[in-house]
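Commentary on secondary and tertiary structure
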Amino acid sequence: MDVRAALCLLLWAVLFPAAPHTAPGVLSKGSRAGDLQDGCTDLIPCEDSGTLCIQACSPSFHGETSFVCKDRTWRMFTDACANLDVQSLFQRISKREPLPSSEGHIAGGHFPFVRPGKPMHGKPGDGAKYFGADDRGKSNCQADFSCIIPDILSSPAIPGNIADIVELLKMISLMLSEDVNRGKMQSYSKIANHILNSSVISNWAFVKDRNASSTLLDSVNLFAGKLLLRNGSEHIQEHFISTKGFSIHRNASGKSFDFSMEVNKTNYVSGRVVIPEEELQKLPNTSKAISIAFPTLGAIIEASRPDPISVNGMVLSVSLPEELQHILLTFEKVNKLESVGAQCVGWHSTERRWDNKACQMKSDNISSVVCMCKHRRRTFRSFSILMSPTLLRNTVLDYITCVGLGLSIFSLILCLTIEMAVWHHVTKTEITYMRHFCLVNIATSLLIADILFIVAAVVHNTALNYRLCVAATFFLHLFYLALFFWMFTLGLLILYGLLLVFFKITRSVFIVTAFVIGYGCPLVISILTVAITEPKNGYLRSGACWLNWYETKALLAFAVPALSIVAVNLAVVVVVVVKTPRPSIGESCKSRDLSNMIRISKNVALLTPLLGLTWGFGLATVVDSHSLAFHVTFALLNAFQGFFILLFGTLLDRKTREALRKNCLSSKRECSLAKA
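From a predicted model like this one, the values you see are computed outputs, not experimental measurements.

Turning our attention to the overall build of the protein. For the protein, the count of helices and strands is 18 helices and 16 strands. Relative to its full complement of 676 residues, the protein shows a buried share of 49%. Long-range contacts, defined here as pairs at least 24 residues apart, represent 72% of the contacts in the protein between residues at least 6 apart. If you sum the accessible surface of the protein, you get close to 32300 Å²; carbon and sulfur atoms cover 61% of it.

Take a look at the structure:
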């Protein structure tokens, strides 16, 4: 500070004497006496950007408010004005007298031995080291903390009170979290709910400790983790914080916590925590699982930190035995715009930041996100989703899917039209009749599946069209399976023609057998799948009209039969190559049948790898949902299946082309005769 500034300050002190904390003062280095504005108001504009000004609170409050100079205007920076006496509140529920400490004072919300801005560590009961004898009175206040609730709820949730309440909750978690019963948890939740209210989110921006929201999260996690369960379960609900607990054991089929909570007066948001069955099997004995949901904490963290992040769902905290390391979480998006993507994250409690390495995204649609997250007691116990721009791949995949499906449907209609036109010319023998009969049903199954795929995409919002989505998924599953089972029937037809030369079956027997295999088997599998998984709400994927994978593995009811058929048909092609002899002179009839078998084998050899490769990449997108290459490849192969069937099943078949040529020639002849 230069001499001129010092003289000005001395003159100010002489002319306007004041008690401490009753007049404003400037904290920035090199500031001038002219910066000391009366109350830091806008009456006299400030000059130096970044200059801080301190102002005392009104007489009924303790603390101070700081302002920062920005654009020649004083703007509020922090507000520590409070009217809660947290020292007396804590003493009433603890019956302990604080010892003098050089590190801080309880008055004004600064508790001893707790340095603000540091991660919270400690064990329940550590307070006995600092607070003298442990007085275990049986008063109601000690039993459930209820006596301090009226004082807290009647106080305004201004920034200074918010900071003091956070410190109070922190000390309760560190020193009074032994034997947390339902009463204590209810009172604790009421206190936390007061400062988690959606109406006070903007006040968090002016809390002096920028890590207060993180401290609150750590405090609630620590306290709720000690909750005692009555009869194996517990549920404590407030508007802006909900706690659920269950007993878990290794023989359970899976456990889930479901939340639906108020974000503000008009909107609700939901979330779900699922402990997979394979994780529960790691438990050596019966344990407990606790989950806490915060619908507004994400916005509070966003408001109180300078990081350019935006949380787009509720924050879900989980307290699990150390043996359990992976959990599935479903987050409903608050912002459901198509241009908004999502990123699964875990809260790193030590570094006080969101970490995308804690979770892996399993599925993402316009309304919700499914994340697989690592639960680590020392680092990751809280999870959410961040808002991020939608990736370019969504547009690319949508374009590929739309163009490909259009081409596929057109190709299949053209394929069926050609089959109708040449049917009498290409079905003169039993073998060719059976081949084209299978091909027509393959094309029909895929055509229906493609149409249902479009229907499923339209009703993908399962919350609004759940029954319709179940129906669309059921028939989609049925006809995609039918596609593969008719391919399987085609493979059996090859084996019949090669290995059972002296055994002939009639067309009627073949048709009945083919329908039982082609549609009967898929129908049985589809019915069993929906009957087993739907009662557990595990039939559908979250937010999509397709089979569930992460919770019930219902998708295996499609993947296992489909890929098994692919393997069998490839084995059939190998048999054809090995077993096919060269025709000898004088065996024209047998040679004709053999030629037909080879033609059918070519169809199977071309179509089976394409179908198998398509759904192989489909499973790869489940295993690695972030791989752009897998998604694009699957979208291309899946969308163009109809074109492949038209090309390899119809257009490249010599007999079919000859029949088409004859039809065209006969049509021209008829036209010329008509003109004559």
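Counted by the stated rule, this structure contains 4 disulfides. Disulfide pairing is shown between Cys-344 and Cys-371; the S-S distance is 2.0 Å. A torsion of -75° about the S-S bond marks the disulfide between Cys-344 and Cys-371 as left-handed. Within this pair, whereas Cys-344 is found in strand S12 (residues 340-348), its partner Cys-371 is found in strand S15 (residues 368-374), the two being separated by 27 residues in sequence. Note on Cys-344: relative accessible area 4%, which makes it buried. For Cys-371, a relative accessible area of 0% corresponds to the buried category.

As a further point, take helix H9 (residues 297-304). Since the α-helix packs 3.6 residues into each turn, any two residues three or four apart lie on the same face. Of all the positions in H9, only Leu-297, Gly-298, Ile-300, Ile-301 and Ser-304 are classed as buried. In a view along the axis of H9, the buried residues occupy a sector of 160°, so they form one face of it.

Moving on to the side chain of Lys-333. Mapped onto the fold, Lys-333 is located in the loop between strand S11 (326-332) and S12. There is a polar contact of 2.7 Å between the side chain of Lys-333 and the backbone oxygen of Asn-365.

Moving on to the packing of aromatic side chains. Each aromatic ring pair is characterised by the separation of its centres together with the angle its planes make. All told, the structure shown has 19 aromatic pairs when counted by the stated rule. With 5.2 Å between their ring centres and 85° between their planes, Phe-474 and Phe-475 make a pair best called edge-to-face. For Phe-475, a relative accessible area of 38% translates into the label partly exposed. Plain terms: the ring middles of Phe-643 and Phe-644 are 6.4 Å apart, the flat faces sit at 55° to each other, and that makes the pair tilted. On the accessibility criterion, Phe-643 (30% relative accessible area) is partly exposed. Residue Phe-644 is classed as buried on the basis of its relative accessible area of 17%. Taken together, the ring pairs connect Trp-423, Tyr-433, Phe-437, Trp-486, Phe-510, Phe-515 and Tyr-519 into an aromatic cluster. In this structure, Lys-244 packs its charged tip against the face of Phe-259, placed 5.0 Å from the ring centre. Lying over the aromatic face of Phe-246, Lys-255 brings its terminal NZ or CZ to 4.7 Å of the ring centre.

What follows covers the side chain of Ser-173. Within the fold, Ser-173 resides in helix H5 (residues 159-175). Reaching out from Ser-173, the side chain makes a polar contact with the backbone oxygen of Ser-219 at a distance of 2.8 Å. If we skip the residues at most four places from it in the chain, Ser-173 touches Tyr-188, Ser-219, Val-220, Leu-222 and Phe-223.

Moving on: the pairing of strand S14 (residues 359-364). The pairing of S14 with S15 spans 5 bridges and is antiparallel. Considered in S15, the bridge of Ser-363 is made with Val-370. The antiparallel pairing of S14 with S15 creates a hairpin that spans 3 residues between the two strands.

The next point concerns the environment of Asp-364. Here Asp-364 is to be found in strand S14. Placed 20 residues apart in sequence, Asp-364 and Cys-344 show a C-alpha to C-alpha distance of 9.9 Å. Contacts of Asp-364, omitting those with residues within four sequence positions, involve Lys-333, Ala-342 and Val-369. Of the polar contacts made by the side chain of Asp-364, one reaches the side chain of Lys-333; its length is 2.8 Å.

All right, on to the sheet that holds strand S8 (residues 268-275) then. Spatially, the 5 strands line up as an open sheet ordered S7-S8-S11-S15-S14, and their pairing is antiparallel. Looking at the sheet topology across the chains shown, the edges are occupied by strand S7 (255-262) and S14. In this sheet, adjacent strand axes meet at a mean angle of 20° when their direction is disregarded. Relative to S11, S8 runs antiparallel, the two being bridged by 4 bridges. Looking across to S11, one finds that Val-273 is bridged to Leu-329.

Let us look at H5. Between its first and last C-alpha, H5 extends 24 Å over 17 residues, near the 24 Å set by a 1.5 Å rise per residue. With 16 of 17 residues buried, H5 is to be regarded as a mostly interior element.

With that out of the way, let us pick up the confidence of the model for the protein. Per-residue pLDDT for the protein has a mean of 77; in total, 73% of the residues score no lower than 70. Per-element averaging of pLDDT across the protein places strand S1 (residues 25-26) at the bottom with 40 and helix H6 (residues 182-196) at the top with 95. Counted against residues more than four places away or in other chains, residues 1-38, with its pLDDT under 50, gives 42 contacts. Under a pLDDT of 50 for its full length, residues 389-393 has, in the predicted model, 11 contacts with residues more than four places off or in other chains.

For the rest of this paragraph, the subject is the packing of H5 against H6. In contact at an axis separation of 10 Å, H5 and H6 are set at 155° when each is read in the N-to-C sense. In terms of their interaxial angle, H5 and H6 are classed as roughly antiparallel. Once H5 is placed against H6, the crossing between them reads as left-handed. Every residue of H6 that contacts H5 at Ile-162, Ile-165, Val-166, Leu-169, Ile-172 and Ser-173 is listed here: Tyr-188, Ile-191, Ala-192, His-194 and Ile-195. Its residues placed into classes, the contact of H5 with H6 shows 9 nonpolar, 2 polar and no charged.

Within the chain, Phe-145 stands out as a residue other than glycine whose phi angle is a positive 60°. Exposure remark for Phe-145: the relative accessible area of 2% places this residue in the buried category. Although it is not a glycine, Asn-231 adopts a positive phi angle of roughly 55°. Along the chain, Asn-231 turns up in the loop between helix H7 (212-224) and strand S5 (233-237). Relative accessible area serves as the criterion here: at 84%, Asn-231 is assigned to the exposed category.

Each value, and the rule that gives it
Residues numbered from 1 in each chain as written. Predicted model: local features only at pLDDT ≥ 70, side-chain atom pairs only at ≥ 80, totals over all residues. Heavy atoms only, no water. Helix = DSSP H or I, 4+ residues; strand = E, 2+ residues; numbered from the N terminus. Buried < 20%, exposed > 50% of the residue type's maximum accessible area, 1.4 Å probe, protein only. Contact = heavy atoms within 4.5 Å. Areas by Shrake-Rupley, 256 points an atom, 1.4 Å probe, with all protein chains shown as cover. Disulfide = S-S within 2.5 Å. Arc of directions from axis to C-beta. Polar contact = N/O pair within 3.5 Å; in protein donor to acceptor, adjacent residues only side chain to side chain. Phe/Tyr/Trp six-rings, centres within 6.5 Å; stacked < 30°, edge-to-face > 60°. Lys NZ or Arg CZ within 6 Å of the ring centre and 35° of its normal. Pairing = 2+ DSSP bridges. Axes fitted to C-alpha atoms, helices over the stretch in contact; angles between N-to-C directions. Expected span 1.5 Å × (residues − 1). pLDDT = per-residue confidence, 0-100. Parallel < 35°, antiparallel > 145°, perpendicular 65-115°, else oblique. Left-handed = near helix turned anticlockwise from the far one by under 90°. Nonpolar A, V, L, I, M, F, W, Y, C, P; charged D, E, K, R; others polar.

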